[in-house]
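So you can see what is in the structure, the chains are spelled out below.
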There are 2 protein chains.
Amino acid sequence: MNKKEIFSSFLKLRGFRFTPQRERVLEEAFSIHKHFEAEDLLVRIRQNGHRVSKATIYRTLALLIQCGLLREVIFGERHSHYEHTLGPKHHHLICLRCGKIIEFTDETIERVQQRVCEKHRFEPSQRRFEIIGYCENCAKHL
Amino acid sequence: MNKKEIFSSFLKLRGFRFTPQRERVLEEAFSIHKHFEAEDLLVRIRQNGHRVSKATIYRTLALLIQCGLLREVIFGERHSHYEHTLGPKHHHLICLRCGKIIEFTDETIERVQQRVCEKHRFEPSQRRFEIIGYCENCAKHL
DNA sequence: TTTGCAATTGAGTCTAAGTTTCAACTACAA
DNA sequence: TTGTAGTTGAAACTTAGACTCAATTGCAAA
Ligand SMILES: [Mn+2]
Ligand SMILES: [Mn+2]
Ligand SMILES: [Zn+2]
Ligand SMILES: [Zn+2]
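Describing the overall build of chain A
Within chain A one finds six helices and five strands. Listing every helix and strand of chain A by position from the N terminus yields α-α-α-α-β-β-β-β-α-β-α. With respect to the principal axes defined by its C-alpha atoms, chain A has extents near 50 × 40 × 25 Å. Out of the 142 residues in chain A, the part that is buried amounts to 42%. For chain A, long-range pairs separated by at least 24 residues make up 47% of all intrachain contacts whose partners lie at least 6 apart in sequence.

What follows is the structure, given as structure tokens:
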């Protein structure tokens with residue numbers, strides 16, 4: 001099942017529709033292979049000769065998160081960033097000085113999550129593990 | 001060294017001043033023993049018969065985070081929450097339905113952080129580990 | 001002490017991400 | 001075909017938080 005099928009069946013299941021605008025946002029979101037923000041989608045959709053309103057972009061992003069194709073990541077700015085959920089789960093090192101984002105994976109985190117959720121009878125749907133500090137280069141200039 | 005000494009020496013070190021307003025914010029922030037937001041401080045300071053402007057509250061919160069007495073926590077709302085850094089480091093389970101926050105501790109997380117930071121030569125100053133999903137009660141109603 | 005000066009404050013203004021509203025439009029099923 | 005419920009975009013709205021600036025304060029040198 002590809003992204004398009006996942007999204008359209010998610011929508012159909014709840015009586016929502018797979019509209020051209022929603023498909024446009026889906027396509028554009030997955031043509032970016034790094035972290036992106038809502039504004040990026042707006043600009044790129046325009047550049048590709050299409051038009052989807054700001055409201056619809058925000059509404060569609062929320063749906064893509066709900067259906068699990070996207071995840072919201074938080075980098076300490078006052079607006080959201082998004083990334084694909086496909087591929088191995090990873091987490092972030094965030095540099096306070098230059099804004100650099102380093103991704104890392106760690107398989108023990110998954111076990112920690114399972115243990116904690118079991119203990120508290122909590123049903124997880126996503127997680128955030130972010131270490132904030134200074135990258136190698138910026139640590140020198142401190 | 002108590003909070004007041006930590007804060008005032010942090011300020012003095014950088015040529016800043018330990019003013020009555022900053023002391024007021026410090027006191028009020030530490031009289032709350034749970035997560036709080038900027039607005040909470042404003043209201044409580046007024047209720048206690050004092051007055052500190054919104055601008056000064058935000059400015060002081062930033063200083064308290066810089067000096068390590070407070071930490072910003074993110075609960076998926078569009079404004080920040082804060083908590084004390086004293087006591088054992090803990091993390092959060094966040095319920096998407098009722099907003100309940102469950103705190104948990106896990107000693108392996110610290111080791112993961114050390115390992116990752118060493119590998120990437122990253123100088124950590126804080127971290128966030130948040131599991132988002134549904135609490136025991138809300139999972140039923142899903 | 002006085003004086004000089006940088007730090008600080010608060011009132012008000014501004015910003016911008018994201019949300020809401022609503023009238024027009026669309027898909028679809030009876 | 002018609003009824004109904006979902007969708008859209010433009011514009012107005014919301015709001016946390018940042019910024020501006022004139023007035024005030026704290027401190028340290030003279
Ligand atoms: Mn990432
Ligand atoms: Mn907490
Ligand atoms: Zn850096
Ligand atoms: Zn709940």
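There is more to say, and it comes next.
Description of the domain arrangement of chain A
All names here are of chain A. Split into domains, chain A comes out as domain 1 (1-87) and domain 2 (89-142). Relative to domain 2, the C-alpha centre of domain 1 lies at a distance of 23 Å. Taken together, the eight residues of domain 1 in the interface contact nine residues of domain 2. Carbon and sulfur atoms make up 52% of the area that domain 1 and domain 2 hide from each other, which totals about 760 Å².

Digging into the packing of helix α1 (residues 3-13) of chain B against helix α2 (residues 20-31) of chain B
Residue and element names in this part refer to chain B. Running from N to C, α1 and α2 point in directions that differ by 145°, and their axes come no closer than 11 Å. The handedness of the crossing between α1 and α2 is right-handed. The segment α1 lies against α2, with K3, K4, F7 and L11 engaging R22, E23, L26, E27 and F30. Class assignment for the residues of the contact of α1 with α2 results in four nonpolar, no polar and five charged.

Some remarks on the coordination of the manganese ion (ligand 2)
All names here are of chain B. Of the protein atoms, only H35 (NE2), E83 (OE), H90 (NE2), H92 (NE2) and E103 (OE) coordinate the manganese ion (ligand 2), at distances of 2.0 to 2.2 Å. Of note, the manganese ion (ligand 2) draws all its donor residues from one chain, in the sequence arrangement H-x47-E-x6-H-x1-H-x10-E. In this pair, H35 is assigned in the loop between α2 and α3 (38-47) and E83 in strand β2 (residues 81-84), connecting sequence segments 48 residues apart. Each member of the pair H35 and E83 is classed as buried.

Observations concerning the packing of aromatic side chains
This model, assessed by the stated rule, comprises seven aromatic pairs over all chains. Consider the rings of A:F104 and A:F129, whose centres lie 6.0 Å apart with planes at 80°: the pair is edge-to-face. Taken together, the residues span a long stretch of sequence, with A:F104 in strand β4 (residues 101-104) and A:F129 in strand β5 (residues 123-134) at a distance of 25 residues. You can call A:F104 buried: its relative accessible area is 4%. Residue class for A:F129 comes out buried when judged on its relative accessible area of 1%. Aromatic rings pair up to connect A:F104, A:F129, B:F104 and B:F129 into one cluster.

So, the relation of the copies chain A and chain B
Of the transformation placing chain A onto chain B, the axial shift is 0.0 Å and the rotation is 180°, giving an RMSD of 0.0 Å. The symmetry that links the two subunits is that of a two-fold axis. No C-alpha of chain A lies nearer the rotation axis than that of A:F129, which sits 2.1 Å from it. A shared interface surface links the copies, since 100% of the contact residues of chain A are contact residues in chain B too.

A closer look at the layout of surface pockets
Counted as a void, the second largest pocket has a volume near 190 Å³. The class makeup of the residues in the lining of the second largest pocket is two nonpolar, four polar and three charged.

Observations regarding the coordination of the zinc ion (ligand 3)
Residues and elements named next belong to chain A. Distances from the zinc ion (ligand 3) to its protein donors, C95 (SG), C98 (SG), C135 (SG) and C138 (SG), fall within 2.2 to 2.4 Å. Around the zinc ion (ligand 3), the four donor atoms sit at angles spanning 100 to 117°, and that spread fits a shape best called tetrahedral. In terms of primary sequence, the donors binding the zinc ion (ligand 3) are separated according to C-x2-C-x36-C-x2-C. Linking C98 in the loop between β3 (91-95) and β4 with C135 in the loop between β5 and α6 (136-140), this pair joins segments that are 37 residues apart in sequence. Overall, the relative accessible area of 44% leaves C98 in the partly exposed class.

Thoughts on the protein's contact with DNA strand D
Taken together, 21 residues form the shell around DNA strand D, and within it A:R17, A:T19, A:R22, A:R51 and A:T56 come nearest. Near the protein, meaning within 4 Å, the atoms of DNA strand D are sugar or phosphate in a fraction of 65%, with bases accounting for the rest. Between a phosphate oxygen of DNA strand D and a side-chain N or O atom of A:T19, the distance comes to 2.4 Å. B:R17 places a side-chain nitrogen or oxygen 3.3 Å from a base oxygen of DNA strand D. For the surface near DNA strand D, the secondary-structure elements that each account for two or more residues are α2 (20-31) and α4 (54-66) of chain A together with α4 (54-66) of chain B.

Scoring rules and cut-offs
- Residues numbered from 1 in each chain as written.
- Chains lettered and ligands numbered in written order.
- Predicted model: local features only at pLDDT ≥ 70, side-chain atom pairs only at ≥ 80, totals over all residues.
- Heavy atoms only, no water.
- Helix = DSSP H or I, 4+ residues; strand = E, 2+ residues; numbered from the N terminus.
- Buried < 20%, exposed > 50% of the residue type's maximum accessible area, 1.4 Å probe, protein only.
- Contact = heavy atoms within 4.5 Å.
- Domains from an automatic or database assignment.
- Buried area = accessible area lost by both parts, 1.4 Å probe.
- Axes fitted to C-alpha atoms, helices over the stretch in contact; angles between N-to-C directions.
- Left-handed = near helix turned anticlockwise from the far one by under 90°.
- Nonpolar A, V, L, I, M, F, W, Y, C, P; charged D, E, K, R; others polar.
- Donors = N, O, S within 2.8 Å, 3.2 Å for Na, K, Ca; no water.
- Phe/Tyr/Trp six-rings, centres within 6.5 Å; stacked < 30°, edge-to-face > 60°.
- Least-squares fit on C-alpha atoms with pLDDT ≥ 70 in both.
- 1 Å grid on protein atoms, 1.4 Å probe; cavity = no way out; pocket = protein on both sides within 12 Å on 5 of 7 lines; lining within 4 Å.
- Points joined across faces, edges and corners; volume = space filled by probe spheres on them.
- Tetrahedral: all angles 85-135°; square planar, octahedral: opposite > 155°, others 65-115°.
- Near = heavy atom within 4 Å.
- Polar contact = N/O pair within 3.5 Å; in protein donor to acceptor, adjacent residues only side chain to side chain.

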